Amino acid sequence: MKETWDVVVVGAGMVGLAVAYELSRRNLRVALLDKGGLGQGASAANCGLVLASDAEPGLSRDLTLEGFRLLSTLSARLGYDFEFEQKTFLQALISETELAEAEEMLNGPLSKPLHFRLLTPEESRRYEPYLDTKDALAVFHSLQAVVNPLQLLFAYYRAARRQGVTWFPKTEVRGFSDYGNAQVAVQTERGEFKARKVIVAAGAWSAKLLSPLPVELPMAFIQGEAMVTEALPSLLSCCTGLFTSDRIDLEKALGADLLAGKQSGLEETSCLELDVRQMQGGNLLIGQKTDYNSAYRDTVSWNGMGLMAGQVLRWFPTLRAVRVLRTWVSPVAFTPDHQPLLGPLPHFENIFLATGFKSTIVLTPIVAELAADWACDANMPYDLGEFRPARFGEE
Amino acid sequence: MGDRTAKVDVAIVGAGPAGLWAGISASGAGAVVSVIDENLRPGGQLVKQIHKFFGSAQHHAGQRGMAIASGLYHQAEAAGCRFSLNRRVYGVYGRGPFRLAMATEGGTEYLDARSLILATGASENALAFPGWTLPGVMTAGAIQTLVNLQRVVPGHRVLMIGAGNVGLIVSYQLLLAGISVAAVVDSKPDVGGYWVHAAKLAKAGVPLLTGHTILGVRGEERVRSALVKDLRSPRQPVEIAVDTVCLAVGMTPSVRLVSLLGGHLVFEGGKGGFVPAGGETVSGIPGLFAAGDASGVAEASIAMEEGKMAGICASRYLGLISEKEEQEKSRGIRETLAELRQPVRPVREEFSPSLSLFSSPVRRVIMECPQEIPCNPCEKNCPRGAIKIGRPITNRPQVDHALCSGCGNCVAVCPGMACYLLEYDRGGEKAKLSFAYEGWPLVHRGDWVMAVAGDGRKLGRVQVEKVKSLKAYSATSVVTVAAGPELAPYIRGMARGENG
Ligand SMILES: Cc1cc2nc3c(=O)[nH]c(=O)nc-3n(C[C@H](O)[C@H](O)[C@H](O)COP(=O)(O)OP(=O)(O)OC[C@H]3O[C@@H](n4cnc5c(N)ncnc54)[C@H](O)[C@@H]3O)c2cc1C
Ligand SMILES: Cc1cc2nc3c(=O)[nH]c(=O)nc-3n(C[C@H](O)[C@H](O)[C@H](O)COP(=O)(O)OP(=O)(O)OC[C@H]3O[C@@H](n4cnc5c(N)ncnc54)[C@H](O)[C@@H]3O)c2cc1C
């Protein structure tokens, strides 16, 4: 292709789509490329939770709160309803350790904005009458939000297209070459794209895509499994799950192994971070079993399905006969320090990486704005130093 | 010239399940019984039925119709019944005794009987539409005679009219014979036959066009296509290319001999039309009894019980049993009949595996049996007592998975082919699903087959791990395929003709 794009965005997941949309709002000429179609990665495979409660202190938390604010009015700006809705989140606490952790969170800075409270099991049933709380010591309450993930993608896609983003599906990026002269050549299966700048939002595939470049990115990925049931009459009003202390511990260990550059001892381990909620159409969306086996696979595991369904029935015995329409698995990017990779690459200052977010949906609108700021050489309202992709090679 | 007319205590017209059981029960009471049928083989409808009968196991459900026919025939012979086959009763003269006139190849034969049981079954209804006289339009009974008895394929692509049990079952029989079924059309909004029979067709990808009707057929020498109209839509009818149109639009009780004798008839729509008044004891004519489809179109289990009942009534009429014996014997039959005759309501179900299925331990029987139908071979054939239906027989099966040994008997015996076995090991990559399979092409271990879902959707190629075909399964195989866990719970069978 002969023309030069202002920005080539690689990956049409929620991050790539949001970035493309923000760029086009700033009147840049944008090409959006994906090896498949829309949402072929994790973005069409997630549970749509707008989770802010687990943001780490510092930049992460600031961005999360800002993202949350932006997301709550995004539907109106995009002109498309993606079923954003404030939701009560209930998390069952089943051990003294979890109870202690939860109590600590009550005094944290997110407690107030997210309405953290500790409910007795009986109290929690006022929010969710079908919840069987016999196994819970207490229930952690927060007020967060949910979206319909597919509709969110579509909302961004529609708005981006309307604003002139050019969309290239089935265009796998194979590599980059530096033209000097503030230009990058993006090599794809459909030929070369010249761009002033490139934003890589290739999710779990980012490390593979960037592996030919001399950049150290100790990224890994984890696999998330989920399922959706048939549509039911209105039954559940909250998003209910388990408190996720297991997962936090597992991920710390995985991060340490990654940084030490050793084969992870966590191969084959997995954990369940249950969340069940009813979507506006009536279907129940159930997630998420995560495993740390780093081979790409495209089929779910029995283990995962069994764990998930078992836990759902433990908390909602009423749902025994509810039918599962579909199950799936998708890889999600993972970084050793649980912080995103957000910023230009070392030595390739015109390639910007945006991936590795822990809770992607809530961050998507703000990340898109920051990436667009970078592309326009505008001043950023935050210092992204903590998240710079070069941080690992420096230690 | 002396009177050479044979004399018997009980003459039974019709050697279907009703007539055969009437014979068994009257002979058991000591009557001299003659069973007459116009066909060469006894069994009535059963002779043509190559499928496994639904119904109660006590009435041989789970076996194929033709096997039930020969079983009952041997039972009746052993009980002492005499058979006059290849004879059609065309008249009955006199009432005491009844003198039956039978057309045979050599002329008329007569038979005097002190009592007469009519078990003449039912005859099929036809449907008239433009082109209905073209070769290629035939009734379900005719097509069954051609395909199942005479082994002649009348066409290659059939449109079935009628989604009652007969239409559904005959469509499935045609599939077994390698004939394709373009669609099943019925004007009612719901499938009238049992859900499980419709499900067998759905698995094979046959569209069930309820709320549709046939407007006519086109063709010069024979049927080339049929015009089918969606009754709920203003759109033009669609033309479906078929070479055969098969009518399964209900049956009418065969009551001509009752009329001939001047017996009372009453109209009962639910039973198929005019039926003898008074049930098994035809009112107005002492010594005359009716049973089976002739007294109201129903099912084989019901025909058998009614036959038994008619045999008992005749025995009582002849003084062979006391009133007390009659009451004792008939009480159980009445209870069974009441149970079997419960109305079956249509259900609209689509199956996907449930959450509890996913959460289950190692092995799981899946029973896609959503309708309250009188059927229980699964319960009776489970060696561990893990399946419970109990009474009434219309209860839906309940499975105690802790007791299940995974033998697969229920999979093999279920007349609806609605039982599946799902097995997986927690760590394993593959799960195994077993389903019932019959007919051609044969499958073997190691074959790659196209797995299909309950709605006929092709799910992907999977490998056959095991084919279990015991003699007791009567030409059914339990096929076990290995598939990924995202696929296995959804597999309900394999596409015919796509293995290898
Ligand atoms: C089961 C499950 C539940 C989850 N639940 C939640 C939740 O409730 N809330 C939440 O915030 N997050 C959740 N997540 C995580 C979230 O889905 C992901 O973090 C998020 O979708 C990542 O978005 P992305 O745009 O970065 O990547 P992706 O959506 O994975 O998009 C990357 C895109 O890049 C394309 N691509 C890759 N390589 C190339 C190449 N070489 N050339 C061109 N294109 C390429 C891919 O085709 C893909 O479309 C969940 C994840 C899973 C699996
Ligand atoms: C396609 C199909 C599938 C079926 N599947 C099932 C099933 O799965 N389960 C189930 O329970 N039921 C099933 N049925 C119904 C079952 O076959 C009948 O209900 C049952 O056979 C009725 O028995 P019967 O003895 O009353 O009559 P029939 O079986 O019809 O027997 C009547 C006999 O009488 C003979 N006859 C009639 N008039 C005369 C005469 N004048 N002289 C001499 N002989 C005469 C006929 O030729 C016939 O042989 C099915 C029926 C059909 C058509």
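Residues numbered from 1 in each chain as written. Chains lettered and ligands numbered in written order. Predicted model: local features only at pLDDT ≥ 70, side-chain atom pairs only at ≥ 80, totals over all residues. Heavy atoms only, no water.

A. How the structure looks around the sheet that holds strand β28 (residues 493–494) of chain B. Residue and element names in this part refer to chain B. Ordered by their spatial adjacency, seven strands build an open sheet running β20-β23-β24-β27-β26-β25-β28, and the pairing between neighbours is antiparallel. A single partner strand is all that each edge strand has here, and the edge strands are β20 (363–367) and β28. In this sheet, β28 lies alongside strand β25 (residues 448–452) in antiparallel orientation, the contact comprising two bridges. In the sheet register, Val452 faces β28, and the bridge partner there is Gly493. (Pairing = 2+ DSSP bridges. Helix = DSSP H or I, 4+ residues; strand = E, 2+ residues; numbered from the N terminus.)

B. Just the site of ligand 2, in detail. Residue and element names in this part refer to chain B. In the neighbourhood of ligand 2, 31 residues make up the surrounding shell, with Asp37, Glu38, Gln45, Asp293 and Ala300 lying closest. A distance of 3.2 Å separates an oxygen atom of ligand 2 from a polar atom in the backbone of Pro17. Interatomic distance of 3.3 Å between a backbone N/O atom of Ala298 and an oxygen atom of ligand 2. When the free accessible area of ligand 2 is taken as 990 Å², the share hidden by the protein chains comes to 93%. (Near = heavy atom within 4 Å. Polar contact = N/O pair within 3.5 Å; in protein donor to acceptor, adjacent residues only side chain to side chain. Areas by Shrake-Rupley, 256 points an atom, 1.4 Å probe, with all protein chains shown as cover.)

C. Quick look at helix α10 (residues 360–375) of chain A. Maximum bend of α10 of chain A: about 35°, positioned at Ile366 of chain A. Extensive coverage of α10 of chain A is indicated by the burial of 14 of its 16 residues. (Bend = angle between axes of the 7 residues up to and from the residue. Buried < 20%, exposed > 50% of the residue type's maximum accessible area, 1.4 Å probe, protein only.)

D. Quick peek at the packing of helix α2 (residues 59–72) of chain A against α10 of chain A. Residue and element names in this part refer to chain A. Relative orientation of the contacting elements α2 and α10 amounts to 95°, with a least axis distance of 7 Å. When the interaxial angle is binned, α2 and α10 end up roughly perpendicular. Counting all contacts with α2, which are made through Leu63, Thr64, Glu66, Gly67, Phe68, Leu70 and Leu71, the residues of α10 involved are Ile361, Val362, Leu363, Pro365, Ile366, Glu369 and Leu370. Here the contact of α2 with α10 is built from residues that sort into ten nonpolar, two polar and two charged. (Axes fitted to C-alpha atoms, helices over the stretch in contact; angles between N-to-C directions. Parallel < 35°, antiparallel > 145°, perpendicular 65-115°, else oblique. Contact = heavy atoms within 4.5 Å. Nonpolar A, V, L, I, M, F, W, Y, C, P; charged D, E, K, R; others polar.)

E. Spotlight on the domain arrangement of chain B. Residue and element names in this part refer to chain B. Domain parsing of chain B yields domain 1 (4–123 + 252–340), domain 2 (126–247) and domain 3 (355–494). Its C-alpha centre places domain 1 at a distance of 38 Å from the equivalent point of domain 3. Taken residue by residue, the interface counts twelve residues in domain 1 and 17 residues in domain 3. Roughly 1,200 Å² is buried in total at the junction of domain 1 and domain 3, and carbon and sulfur atoms are behind 50% of that figure. Counting the surface domain 1 buries against domain 3, the share from its top three residues, Lys52, Arg64 and Glu339, is 50%. Taken together, the connections running from domain 1 to domain 3 amount to two salt bridges. Note that Arg391 is salt-bridged to Glu339, the shortest N-O span being 2.4 Å. The tally of links between domain 1 and domain 3 comes to nine residue pairs in polar contact (both at pLDDT 80 or more). Its residues assigned to classes, the side of domain 1 that touches domain 3 shows five nonpolar, three polar and four charged. (Domains from an automatic or database assignment. Buried area = accessible area lost by both parts, 1.4 Å probe. Salt bridge = Lys/Arg side-chain N within 4 Å of Asp/Glu carboxyl O.)

F. Region of interest: the site of ligand 1. Residue and element names in this part refer to chain A. Around ligand 1, 34 residues are found, and the nearest of them are Asp34, Ala42, Ser43, Val173 and Thr360. Within the contact set of ligand 1, an oxygen atom lies 2.6 Å away from a side-chain nitrogen or oxygen of Asp34. With respect to ligand 1, the backbone of Gly48 contributes an N or O atom lying 3.5 Å from an oxygen atom. Coverage of ligand 1 by the protein amounts to 96% of the 1,000 Å² it exposes when considered alone.

G. Spatial organisation of the interface of chain B and chain A. Chain B puts 22 residues into the contact, and the matching count from chain A is 22 residues. Of the roughly 1,800 Å² buried where chain B meets chain A, counting both sides, 65% is carbon and sulfur surface. The interface formed by chain B and chain A includes zero salt bridges. For the pair chain B and chain A, the number of links is six residue pairs in polar contact (both at pLDDT 80 or more). When residues of the side of chain B that touches chain A are traced back to their parent elements, those giving at least two are α9 (355–358) and β23 (419–424) of chain B. Here the side of chain B that touches chain A takes three residues from α9 of chain B, the largest share from any one element. Classifying every residue of the side of chain B that touches chain A by side-chain character gives ten nonpolar, five polar and seven charged.

H. Inspection of the side chain of Glu306 of chain B at higher detail. All names here are of chain B. Tracing the backbone shows Glu306 in helix α7 (residues 300–317). For Glu306, a relative accessible area of 8% corresponds to the buried category. For Glu306, the side chain forms a polar contact with the side chain of Ser295, separated by 3.3 Å.

I. Up close: the pattern of salt bridges. For the structure on display, the rule yields 32 salt bridges over all chains. With a shortest N-O distance of 3.9 Å, Glu465 of chain B and Lys432 of chain B are connected by a salt bridge. Of this pair, Glu465 of chain B sits in strand β26 (residues 458–468) while Lys432 of chain B sits in strand β24 (residues 431–438), and the two are 33 residues apart along the sequence. Overall, the relative accessible area of 35% leaves Lys432 of chain B in the partly exposed class. When salt bridges with common partners are traced through the structure, they connect Glu22, Arg25, Arg26 and Asp373 of chain A into a single cluster.

J. Up close: the sheet that holds strand β8 (residues 137–139) of chain B. All names here are of chain B. Strand order in the open sheet made by the five strands is β8-β15-β9-β10-β11, with parallel pairing throughout. The outermost strands of the open sheet, each flanked by one partner alone, are β8 and β11 (208–210). The mean inter-strand angle of the sheet, taken between neighbouring strand axes irrespective of direction, is 20°. One ladder, built from three bridges, connects β8 with strand β15 (residues 244–247); its direction is parallel. Within β15, the position partnered with Met138 by the bridge is Cys246.

K. Seen up close, the nonpolar core. Of all hydrophobic cores here, the largest spans 64 residues; its most connected members are Leu23, Val50, Phe82 and Leu342 of chain A. If you tally residues by element for this core, the top one is α10 of chain A, at eleven residues. Counting contributing residues, this core receives three or more from each of domain 1 (4–77 + 149–218 + 338–393) and domain 2 (86–144 + 219–334) of chain A. Apart from the residues lying within four places of it in its own chain, the contact partners of Leu342 of chain A are Phe352, Leu353, Ala354, Phe357, Val367, Leu370, Leu384, Phe387, Arg388 and Pro389 of chain A. In this structure, Leu131, Leu232 and Leu272 of chain A together with Tyr437 of chain B belong to the second largest nonpolar core, which totals 55 residues. (Core = buried A, V, L, I, M, F, W, Y, C linked by side-chain atoms within 4.5 Å.)

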